[in-house]
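Residue-level structure breakdown
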2 protein chains.
Amino acid sequence: MTRTEIASLYQSPASFSGKKVTVCGWVRTIRDSKALGFMELNDGSCFKGVQVVFEDKKIDNFKEIAKLNVGAAVTVNGEFVETPQAKQSFELHACEILVEGPSSPEYPLQKKRHSLEYLRTIAHLRPRANTFSAAFRVRSAAAFGIHKFFQERGFIYAHTPILTGSDCEGAGEMFTATTLDLEDPPRGEDGRIDFSQDFFEKHTSLTVSGQLEAECMAMAFGKVYTFGPTFRAEKSYTQRHAAEFWMIEPEIAFADLNDDMDLARDMMKYVIRYVMDTCPQDLQFFNQFVDKGLIDRLTHIVESDFAHVTYTEAVEILKKHNSQFEYQVDWGVDLQTEHEKYLTEQVFQKPVFVTDYPKEIKSFYMRMNDDGRTVAAMDMLVPGIGEIIGGSQREERLDRLTARMKELGLKEADYWWYLDLRRFGTNKHAGFGLGFERLIMYLTGIQNIRDVLPFPRTTGVAEF
Amino acid sequence: MTRTEIASLYQSPASFSGKKVTVCGWVRTIRDSKALGFMELNDGSCFKGVQVVFEDKKIDNFKEIAKLNVGAAVTVNGEFVETPQAKQSFELHACEILVEGPSSPEYPLQKKRHSLEYLRTIAHLRPRANTFSAAFRVRSAAAFGIHKFFQERGFIYAHTPILTGSDCEGAGEMFTATTLDLEDPPRGEDGRIDFSQDFFEKHTSLTVSGQLEAECMAMAFGKVYTFGPTFRAEKSYTQRHAAEFWMIEPEIAFADLNDDMDLARDMMKYVIRYVMDTCPQDLQFFNQFVDKGLIDRLTHIVESDFAHVTYTEAVEILKKHNSQFEYQVDWGVDLQTEHEKYLTEQVFQKPVFVTDYPKEIKSFYMRMNDDGRTVAAMDMLVPGIGEIIGGSQREERLDRLTARMKELGLKEADYWWYLDLRRFGTNKHAGFGLGFERLIMYLTGIQNIRDVLPFPRTTGVAEF
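Residues numbered from 1 in each chain as written. Chains lettered and ligands numbered in written order. Predicted model: local features only at pLDDT ≥ 70, side-chain atom pairs only at ≥ 80, totals over all residues. Heavy atoms only, no water.

1. Looking at the overall build of chain A
Within chain A, the regular secondary structure consists of 14 helices and 16 strands. With respect to the principal axes defined by its C-alpha atoms, chain A has extents near 85 × 60 × 45 Å. For chain A, the proportion of its 464 residues judged to be buried stands at 62%. In chain A, 67% of the contacts between residues at least 6 apart in sequence involve partners at least 24 apart. (Helix = DSSP H or I, 4+ residues; strand = E, 2+ residues; numbered from the N terminus. Buried < 20%, exposed > 50% of the residue type's maximum accessible area, 1.4 Å probe, protein only. Contact = heavy atoms within 4.5 Å.)

So, in structure tokens, the structure goes:
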């Protein structure tokens, strides 16, 4: 008995018509009346399940099967029957059903609808529920779509380190990683903990960004991207922040901010199209039950051109509408989500790049513009969410970079290797960061980051 | 001036013949005599560079260019000239050369050959050296080949968590991740550190394996794989161990050990073939300068069938040759690399699966065989390296699993969610783990794990 996946049945139903197939999966629903029963079987190969019809006169163990609980694992050997009149276009008429593993009335995923909050407490089982089955299938497709996009264009996938000895990435609070006996750590003469006796003979943390290392790789390969976990130790209870999340950080040499925006736009369109092509059943589900405008919104992004406005222009536009905002806009302040959404949803009604932000609200490595006030940064804003990508041209001029670091009180010694990139064969280069969970929320309409991560880690929560 | 990558020139040289092209890259070598100069330019798009010929009478800044140091970044606009008689089959005759970023005589990567040890101290620059350029290109291709293999077969890519609250994965020493003020941590009534005040309100560590979580996902999707960083805090100074490394862990439902071995074999053949097709220049370099038998060995794996022997049979074979081994073989002891290599290189002369190991030397979750002494484990051994993959069928029977855990002193409460998988819809399932760096070492012939990781983290070393 070769097993057939349910996804294959949907791909070419005609080729199975009248044939015997063997399907393995988990019972989603089951009911029976006397000598006839129905179960919906799902095997995770696609969003939809298959209806299995079982009859007392056709299988030996009708009573055993009729008593099965939701969640049981079974192998069904049956005839594939097309049912063009019915709601589902085909079903299986069972000849044999083997119970692989039973379930029980205590199985937490009964047919009734559960709250997302409750489902978070059973993260080990919730991938079997529709929302998460679809979300993690989209997540997998989106991840591959991103790899495919970059690899097809000759980018090198760079594994930048998770453990980092340089505590100066500057993007946020960090977790310390240590093997010291914390109850009784070794101490130096000053009485403080002696991290030179730690595993790496220095204090180490979990990375907040692979960008600086990705720049090293871009200066050898020309085009690289990272795709890995990053960490922020800020206490946050919002729907948008997790302590552990995945980031994609491309970096391109011999390239300026325009090249960077082109890349970000092309990538975004590519991955959306890839997921729409790969996961139509899943997106249909989200469009119907989670976010009614989802497919239209995604289609719109794929088809529209992207607007471009400088920060200074954006501020001029937004200031006219300050009465509508909780936070007032003025030149020099960072844009809030409400402003970003207003720009992309109301003003431009399509994705928009905002560029050339005041240097004070951006990172030290961003390239100074000739005005001396703004840097060559860009944010991509999209309807429904606001900022989804942030990037910049990097400061490739050694003298400008060290001057800016001095202004900000950063020590050159901590960045010697980063500065070396400007000493030896520097060139204009640029990159951006895409928070992968933010993308999945955008692709699914799911509002809480906890529901797009298989095992989310947020402030106070590292269950499982 | 649209930039052309050097890889494109090699892909279809004829299409460029006689045309003007613009190439950006870094100077690998440069020499001149009076009015004529040559530089080798590399842009990282492929292993090979392109020879640029520059003449005083053709470019304005001959003197500036002739004085350039190795490592400088330049943009060359020139005519593509085929040179069928020469060592390299084409060259560029420069019309214009722009200096993007100079270099200096202090540039550490001068033409002379450097030791790998030295190059490790300049991890930010070494990707520009041949060995690392090739190694990280192979690494990127292998990563994508693995994703491609699994995605084409309908596997779901599962991001299992890095930070874990369960300190019971059992695969080795772990790093603690914390945001507590370690100099003055909060303490409980017993005087010990109160981790309930830590970021996750409990003690958390860095994962050593995503397998248990991958099993949760496999019980929803049928076929899943992880591909992410894992951590081991064992002090080790060998060439084979890093504290941070990447692992691939597929997990398949409704599958037994034979399915697992088929999957491991198919994946290994696929990824080797993919890298051979994608990186021929790089493999040629390794074959010539690093490991003379490399391409033959890889070809052999792709083309050969795989042998299969039980652990018990393997021990019988090996015992006859105990005089040749440092460690004597006897039933019940774990096989050492010398034994593994002997089996695959001398006895079978091809890859071999060893299965059904004594339960005492394997993990608690492996499925007990009917003999009560061995478990349904498998290791894949390959010539030149020994074990490259380890996997098993998992114990799907709740009573057997809890009995084994009791024998080993593991608490059921710590594994409640893992045991739930056996309570609700359990089924025979299996999986394996592939250490990604081990694979890259195998694909390149590189002997030290520090040289296949862009920024290696090993005992005492977390530079950059």
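2. Comments concerning the sheet that holds strand β8 (residues 176-178) of chain A
With antiparallel pairing, the six strands of this open sheet are ordered in space as β7(A)-β9(A)-β8(A)-β8(B)-β9(B)-β7(B). Among the strands making up the open sheet, the edge pair consists of β7 (163-164) of chain A together with β7 (163-164) of chain B. With two bridges joining them, β8(A) and strand β9 (residues 204-206) of chain A adopt antiparallel strand pairing. Its bridge partner lying in β9(A), T176(A) is registered against S205(A). (Pairing = 2+ DSSP bridges.)

3. Observations concerning the relation of the copies chain A and chain B
Each copy superposes on the other: chain A lies on chain B with an RMSD of 0.0 Å after a rotation of 180° and an axial shift of 0.0 Å. Read as a symmetry element, the transformation amounts to a two-fold axis. When C-alpha distances to the rotation axis are compared across chain A, the minimum falls at A177(A), with a value of 2.3 Å. (Least-squares fit on C-alpha atoms with pLDDT ≥ 70 in both.)

4. Looking at the state of the cysteines
Residues and elements named next belong to chain B. This model, assessed by the stated rule, comprises zero disulfides over all chains. Free cysteine: C24, not disulfide-bonded; nearest cysteine sulfur from C46 at 14 Å. Given a relative accessible area of 6%, C24 falls into the buried group. (Disulfide = S-S within 2.5 Å.)

5. Regarding the interface of chain A and chain B
Contact with chain A, which involves 108 residues of that partner, is made by 108 residues of chain B. Together, the buried faces of chain A and chain B total about 8,900 Å²; carbon and sulfur atoms form 65% of this surface. At the boundary of chain A with chain B, the tally comes to six salt bridges. Between E183(A) and R187(B) there is a salt bridge, and its shortest N-O distance comes to 3.2 Å. Inspection of the chain A/chain B interface yields 37 residue pairs in polar contact (both at pLDDT 80 or more). Counting residues per element, the side of chain A that touches chain B draws most heavily on helix α5 (residues 130-152) of chain A, at 11 residues. Here the side of chain A that touches chain B is built from residues that sort into 53 nonpolar, 31 polar and 24 charged. Sheet topology places β8(A) next to strand β8 (residues 176-178) of chain B; three bridges connect them, and they run antiparallel. Within β8(B), the position partnered with T176(A) by the bridge is T178(B). (Buried area = accessible area lost by both parts, 1.4 Å probe. Salt bridge = Lys/Arg side-chain N within 4 Å of Asp/Glu carboxyl O. Polar contact = N/O pair within 3.5 Å; in protein donor to acceptor, adjacent residues only side chain to side chain. Nonpolar A, V, L, I, M, F, W, Y, C, P; charged D, E, K, R; others polar.)

6. Side note on the environment of L9(A)
Residues and elements named next belong to chain A. With respect to the helices and strands, L9 occurs in helix α1 (residues 6-11). Distance from L9 to F90, taken between C-alpha atoms, is 8.8 Å for residues 81 residues apart in sequence. Setting aside anything within four residues of it in sequence, one finds L9 in contact with T4, F16, V21, V23, V50, F80 and F90.

7. Brief notes about the domain arrangement of chain A
All names here are of chain A. Split into domains, chain A comes out as domain 1 (6-101) and domain 2 (128-171 + 208-451). Centre-to-centre separation of domain 1 and domain 2, based on C-alpha positions: 45 Å. Across the contact, nine residues belong to domain 1 and nine residues belong to domain 2. Here domain 1 meets domain 2 over a buried area of about 710 Å², counting both sides, of which 45% is carbon and sulfur. Run the count over domain 1 and domain 2 and you get zero salt bridges. Between the two partners, domain 1 and domain 2, sit six residue pairs in polar contact (both at pLDDT 80 or more). (Domains from an automatic or database assignment.)

8. Re the pairing of strand β2 (residues 36-42) of chain A
Residues and elements named next belong to chain A. Relative to β2, strand β1 (residues 20-33) runs antiparallel, the two being bridged by seven bridges. In the strand pairing of β2, T29 is matched with E40. With antiparallel pairing between neighbouring strands as the criterion, β1 and β2 make up a hairpin whose turn holds two residues, including K34 at a positive phi of roughly 55°. Note that β2 and strand β3 (residues 50-55) share six bridges and pair antiparallel. The partner of M39 across the bridge, within β3, is V52.

9. Some details on the environment of K292(B)
Tracing the backbone shows K292(B) in the loop between α8 (280-289) and α9 (294-303). C-alpha of K292(B) to C-alpha of G445(B): the two residues are 153 residues apart in sequence and 8.7 Å apart in space.

10. Here we look at the confidence of the model for chain A
Interpreting fine coordinate detail is not advised for predicted regions of low pLDDT. Looking at chain A, the pLDDT average stands at 96 and 99% of residues meet or exceed 70. The complex model carries a pTM of 0.97, and its ipTM stands at 0.97. (pLDDT = per-residue confidence, 0-100.)

11. Comments concerning helix α5 (residues 130-152) of chain B
Within an α-helix, residues lying three or four positions from one another point in the same direction, as the helix has 3.6 residues per turn. All names here are of chain B. In this model α5 runs 32 Å from its N-terminal to its C-terminal C-alpha over 23 residues, within 8% of the 33 Å that 1.5 Å per residue would give. A large share of α5 lies buried, amounting to 20 of its 23 residues. Downstream of α5 by a residue or two, G154 has a phi angle that is positive, lying close to 80°. (Expected span 1.5 Å × (residues − 1).)

12. Some words on the environment of A214(B)
Note that A214(B) resides in helix α6 (residues 211-221). Setting aside chain neighbours within four positions, we find A214(B) in contact with T160(B), V224(B), T226(B), E249(B) and E251(B).

13. Digging into unusual backbone geometry
Excluding glycine, residues mostly have negative phi values, and the peptide bonds linking residues are mostly trans. Residues and elements named next belong to chain B. Positive phi, close to 50°, is recorded for F254, a residue that is not glycine. Here F254 shows up in the loop between β11 (244-253) and α7 (257-278). The residue D356 is not glycine, and still its phi comes out positive at about 60°. Considering the arrangement of structural elements, one finds D356 in strand β13 (residues 352-358).

14. Here we look at the pattern of salt bridges
Per the stated rule, a full pass over the model turns up 50 salt bridges over all chains. Two residues, E395(A) and R397(A), come together in a salt bridge whose shortest N-O distance is 2.7 Å. In this structure E395(A) comes out as buried when scored by relative accessible area, which is 2%. On the basis of relative accessibility, which here comes to 18%, the residue R397(A) falls in the buried class. Put simply, K148(B) and E152(B) hold a salt bridge, and the shortest N to O gap is 2.9 Å.

15. Section: the packing of aromatic side chains
Between two aromatic rings, the relevant description is the distance of the centres plus the angle of the planes. Residue and element names in this part refer to chain B. This model, assessed by the stated rule, comprises 59 aromatic pairs over all chains. Ring plane angle 75° and centroid distance 4.9 Å describe the contact between F199 and F200, whose orientation is recorded as edge-to-face. Accessibility expressed as a relative area gives 2% for F199, which makes it buried. Residue classification places F200 among the buried residues on the basis of a relative accessible area of 2%. Ring geometry for F364 and Y415: centres 5.2 Å apart, planes at 65°, overall edge-to-face. (Phe/Tyr/Trp six-rings, centres within 6.5 Å; stacked < 30°, edge-to-face > 60°.)

16. Thoughts on helix α9 (residues 294-303) of chain A
All names here are of chain A. The set of residues buried in α9 consists of L294, I295, R297, L298, I301 and V302. Along α9, the residues classed as buried sweep out an arc of 165° about the axis, all on the same side. Among the exposed residues of α9, those pointing more than 90 degrees away from its buried face are D296 and E303. In this structure, the buried side of α9 is in contact with α7 (257-278), α8 (280-289), β14 (374-382) and α14 (436-444). (Arc of directions from axis to C-beta.)

17. Thoughts on the sheet that holds β11(B)
Residue and element names in this part refer to chain B. With mixed pairing, eight strands are arranged side by side in an open sheet as β6-β10-β11-β16-β15-β14-β13-β12. Whereas interior strands pair on both sides, the edge strands pair on one side only; in this sheet they are β6 (156-157) and β12 (307-310). Pairing geometry for strand β15 (residues 386-393) and strand β16 (residues 429-435), over five bridges, is antiparallel. Paired with Q393 across the two strands is A430, which belongs to β16. Each of β11, β12, β13, β14 (374-382), β15 and β16 touches α7; the most contacted strand, β14, lies at about 15° to it. (Axes fitted to C-alpha atoms, helices over the stretch in contact; angles between N-to-C directions.)

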